[in-house]
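# Observations on the three-dimensional arrangement
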Amino acid sequence: MNNPLFSLEGRTALITGSSRGLGLAIARGLAEAGASIVLNGVNEARLEETAAALRGQGFDVATAAFDVTDEAAVVSAFEQLDAADKEIEILVNNAGIQYRKPIVELDSANWQRVIDTNLTSAFLVSREAAKRMLPRKRGKVINIGSLMSGLGRATVAPYTAAKGGIKTLTQAMAAEWAEYGVQANAIGPGYMLTDMNQALIDNPDFDSWVKGRTPSRRWGKPEELVGAAVFLAADASNYINGQIIYVDGGMSAVI
């Protein structure tokens, strides 16, 4: 018998950056829990291809192609969702990029690009979602942080700054929205088997370091984020607010 605390039946979820990778895994997991999903990305062809594949598996899938770093585009996208009667009750801010350079070699344009994509986008998209969630007095915002929401690492300063910001932005959202029945929480993935990490996965020294540093002795799989995402999207987490759940094989728990 299914536990209604974890059911997403009748709810609609928007997942940013969900045509592939972690976002796609989370989108599929929310759909499996009963949600109607709205995929987001900037590559319309890839977005439609992904949506078609999920529809072929029996899921209710729509798409919203827009740039999450473009304020006007975000506002317009929500207006279009309103017009299509897509009431977003679950928002997953997953869109993100990485750029690796030592700080002294890092140019401001790439700093800003990472900050805009990984942090500012969560503000822009959440603001529009919250304008609709707060009057209804219900909603779930799930921000995708990182192991580096609380830790630093060489050569990824803009990423760590953005993901640290995600953690405290989540807390600020909770402080403002909890009384209205809207929960804002975050997930902090560790080192995951994704396209963005492929160069690291293929590097024997880095691969060995990850496995040696992680108590689970392996990389994480994208689908291993689904449990936390469904929990934070469902009624089971209605009294949890402003928290970050690390899904990292135990890496953040040890020295």
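This section reports on the structure supplied with the text. (Residues numbered from 1 in each chain as written. Predicted model: local features only at pLDDT ≥ 70, side-chain atom pairs only at ≥ 80, totals over all residues. Heavy atoms only, no water.)

### Overview of the overall build of the chain
Helix and strand content of the chain: eight helices and seven strands. Expected size for 255 residues packed as a compact globule is a radius of gyration near 18 Å; at 18 Å, the chain falls within 12% of this value. Taken along its principal axes, the extent of the C-alpha atoms in the chain is 50 × 45 × 40 Å. Out of the 255 residues belonging to the chain, those deemed buried represent 50%. Contacts spanning at least 24 positions in sequence make up 74% of the contacts within the chain whose residues lie at least 6 apart. Separation between the mean location of the 24 positive side-chain charges and that of the 28 negative ones in the chain comes to 5 Å. (Helix = DSSP H or I, 4+ residues; strand = E, 2+ residues; numbered from the N terminus. Rg over C-alpha atoms; globule rule 2.2 N^0.38 Å. Buried < 20%, exposed > 50% of the residue type's maximum accessible area, 1.4 Å probe, protein only. Contact = heavy atoms within 4.5 Å. Lys, Arg positive; Asp, Glu negative; His and termini not counted. Charge placed at Lys NZ, Arg CZ, Asp CG, Glu CD.)

### Regarding the sheet that holds strand S1 (residues 12-15)
Here we have seven strands laid out as an open sheet, ordered S3-S2-S1-S4-S5-S6-S7, and parallel in their pairing. The sheet is open, and its two edges are formed by strand S3 (61-65) and strand S7 (244-247), each paired on a single side. Averaged over all pairs of adjacent strands, the angle between strand axes in this sheet comes to 20°, irrespective of strand direction. Those strands touched by helix H4 (residues 108-136) are S1, strand S4 (88-93), strand S5 (139-144) and strand S6 (182-189), and its axis lies near 165° from that of S4. (Pairing = 2+ DSSP bridges. Axes fitted to C-alpha atoms, helices over the stretch in contact; angles between N-to-C directions.)

### Section: the pattern of salt bridges
All chains considered together, the criterion is met by 12 salt bridges. Note that Asp235 is salt-bridged to Arg11, the shortest N-O span being 2.8 Å. With Asp235 in the loop between helix H8 (226-233) and S7 and Arg11 in the segment before S1, the pair connects residues that are 224 residues apart, well separated along the chain. Since its relative accessible area comes to 18%, Arg11 is described here as buried. (Salt bridge = Lys/Arg side-chain N within 4 Å of Asp/Glu carboxyl O.)

### Focus on helix H3 (residues 71-83)
Given a rise of 1.5 Å per residue, 13 residues ought to cover 18 Å, and the 19 Å separating the end C-alpha atoms of H3 matches this to within 8%. Among the residues of H3, those classed as buried are Val74, Ala77, Phe78 and Leu81. Projected down its long axis, H3 shows its buried positions confined to an angular sector of 95°, all on one face. Along H3, exposed side chains directed more than 90 degrees from the buried face belong to Ala72, Gln80 and Ala83. (Expected span 1.5 Å × (residues − 1). Arc of directions from axis to C-beta.)

### Focus on the nonpolar core
Leu8, Leu30, Ile37, Leu39, Val92 and Ile187 are the most contacted members of the largest nonpolar core, which totals 33 residues. Among the elements of the structure, S1, helix H1 (21-32), strand S2 (36-41), helix H2 (44-56), S4, S5 and H8 are those that each provide at least two residues to this core. Residues in contact with Leu39, not counting those within four places in the same chain, are Ile15, Ser18, Ala27, Leu47, Thr50, Ala51, Leu54, Val61, Ala62, Thr63 and Ala64. Judged by nonpolar contacts, the second largest core, of 26 residues, contains Val74, Val125, Met133 and Ala184. (Core = buried A, V, L, I, M, F, W, Y, C linked by side-chain atoms within 4.5 Å.)

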